[in-house]
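A look at the structure
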Amino acid sequence: MSNYLFVGAGFSCAVIARELAEAGNGITIIEQRPHIAGNCYSERDRESNIIVHKYGPHIFHTDNVRVWDYINRFGEMLPYVNRVKAVSNSRIYSLPINLHTINQLFETHLSPNEAKELIESKADLSIEIPKTFEEQALRFVGPEIYNAFFAGYTRKQWGIEPSELPASILKRLPIRFNYDDNYFAHKYQGMPKNGYTDIVAAMLDHPSITVHLSTPYSIGMRNDYDHIFWSGPLDAWFDYEFGRLGYRTLDFEPVRGIGDMQGNAVINYCDSNVPYTRITEHKHFAPWETHEQSICFMEYSRQCDENDTPYYPIRLVKDKTLLKQYVEKAYHEKNVTFVGRLGTYRYLDMDVTIKEALDVADAVKASLAASDDLKPFYVKPL
Ligand code: UDP
């Protein structure tokens, strides 16, 4: 039996901790915030009793049956399909880009094949291998869709020109030539009946797991454990000695009302002159509940400063250069494994986080069985 310290109580640490506790190890988790579940944290709003996602909307979706079964083991997931609307130039559209969006934007009633032809005629085929977000958009959807839905939103979300962002960010979004407006193309999709916090709490509910909230890490803790699993920012482990990795942070401004305020859970605002990126009305994430009151959050994105909560890793060239320095140094560390979105500085959805955490747990168990040292990384951050 080994004694492990986990820093952070989000999905990464909760899953690995649970797996290693079940394998007979002793687990201590410290979390600097006063709550578990990291940025997936949900709570009931006192005034309205609606489940709100404090750090922004989280919708669970995956193609991985192991991940789906795993999350269902710890809480009830109810069917939920994310259908997002977008406001552009004061008009409302369907997202992700689908046949309805195309017909709305071009004021047409094209069939799937006609729409494909239209979009192909707009695509800039001189861009052979798109490297940037802008090139990816111009290559695959053309200037009208790019300007209506992506350029303004992306500038607000990332704080830089889409021509400076990697194409991979846009690759997250599909374009469909039918009327399917399900935002995600995954086989399994749902929302936890009682919120994400309950699911993480159930994972951590094991006799060999002890959780200390509002407890920051201090270097002296190293001596008390056989190994540390670190889900904090990679650069924080090294006391930011080479500088800080760039993140975007989010601010949420609540607006209260009665009944149905916007008719949908998520509405994106794609124009540059609207300062927020989206408005989320959280009661729609739990359509099986009834609430007289409502609460919306307007979401603003900005640069993450020292005392802000990091959300999205930016991963521009300068961040990647810095990341390389930290990763090289991390490979020389003993008795620590870096995990999750912050530990590996990657833009991870919840399902990928859980999948990677299960893989880490499997690898750790295999290393223990073979008496091998544990590795600093089980997923390459670069
Ligand atoms: N995006 C956009 N317009 C939209 C929605 C998304 O330009 O209406 C771009 C934006 O750059 C965003 C990326 O696509 O960061 C990925 O969008 P997704 O909805 O996956 O973002 P998340 O929900 O993870 O913030």
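All of the points below concern the structure found in this document.

What counts and how
Residues numbered from 1 in each chain as written. Predicted model: local features only at pLDDT ≥ 70, side-chain atom pairs only at ≥ 80, totals over all residues. Heavy atoms only, no water. Salt bridge = Lys/Arg side-chain N within 4 Å of Asp/Glu carboxyl O. Helix = DSSP H or I, 4+ residues; strand = E, 2+ residues; numbered from the N terminus. Buried < 20%, exposed > 50% of the residue type's maximum accessible area, 1.4 Å probe, protein only. Pairing = 2+ DSSP bridges. Axes fitted to C-alpha atoms, helices over the stretch in contact; angles between N-to-C directions. Contact = heavy atoms within 4.5 Å. Core = buried A, V, L, I, M, F, W, Y, C linked by side-chain atoms within 4.5 Å.

Structural notes on the pattern of salt bridges
- Applying the stated rule across the entire model yields 23 salt bridges.
- Residues D45 and R256 are paired through a salt bridge, measuring 2.9 Å at the closest nitrogen-oxygen approach. Taken together, the residues D45 in the loop between β3 (42–44) and β4 (51–53) and R256 in strand β12 (residues 247–258) connect sequence positions 211 residues apart.
- According to the relative accessible area criterion, R256 is partly exposed, its value standing at 38%.
- Put simply, D359 and K355 hold a salt bridge, and the shortest N to O gap is 2.4 Å. Of the two residues, D359 and K355 are both situated in helix α11 (residues 350–369); the distance of four residues between them amounts to about one turn of the helix.
- Taking the relative accessible area as the measure of exposure, D359 reaches 32% and is therefore partly exposed.
- The class for K355 is partly exposed, based on a relative accessible area of 35%.

Let's talk about the sheet that holds strand β9 (residues 188–192)
- With antiparallel pairing, the three strands of this open sheet are ordered in space as β5-β9-β6. Looking along the sheet, the strands with just one partner apiece sit at the ends: β5 (60–62) and β6 (77–79). Recorded for the sheet is a direction-independent mean angle of 40 degrees between the axes of neighbouring strands.
- Set on the sheet, helix α2 (residues 65–73) makes contact with β5, β6 and β9; between it and β5 the angle comes to about 150 degrees.

Describing the nonpolar core
- Judged by nonpolar contacts, the single largest core of 103 residues is most densely connected at F6, F11, F149, F150 and F229.
- Discounting residues that sit within four places of it in the chain, F11 has contacts with C40, I71, Y196, I199, V200, M203, M350, T353 and I354.
- Counting residues in hydrophobic clusters, the runner-up holds eight residues, among them V87, Y276, C296 and M298.

What to know about unusual backbone geometry
- Omega for the bond connecting L95 with P96 falls within 30 degrees of zero, at -15 degrees, which places this linkage in the cis form.
- Among the structural elements, P96 can be located in the loop between β8 (91–94) and α3 (99–106).
- Even without being glycine, E107 reaches a positive phi, approximately 55 degrees.
- Here E107 is to be found in the loop between α3 and α4 (112–122).
- With phi around 55 degrees, S371 is a residue other than glycine that occupies positive phi space.

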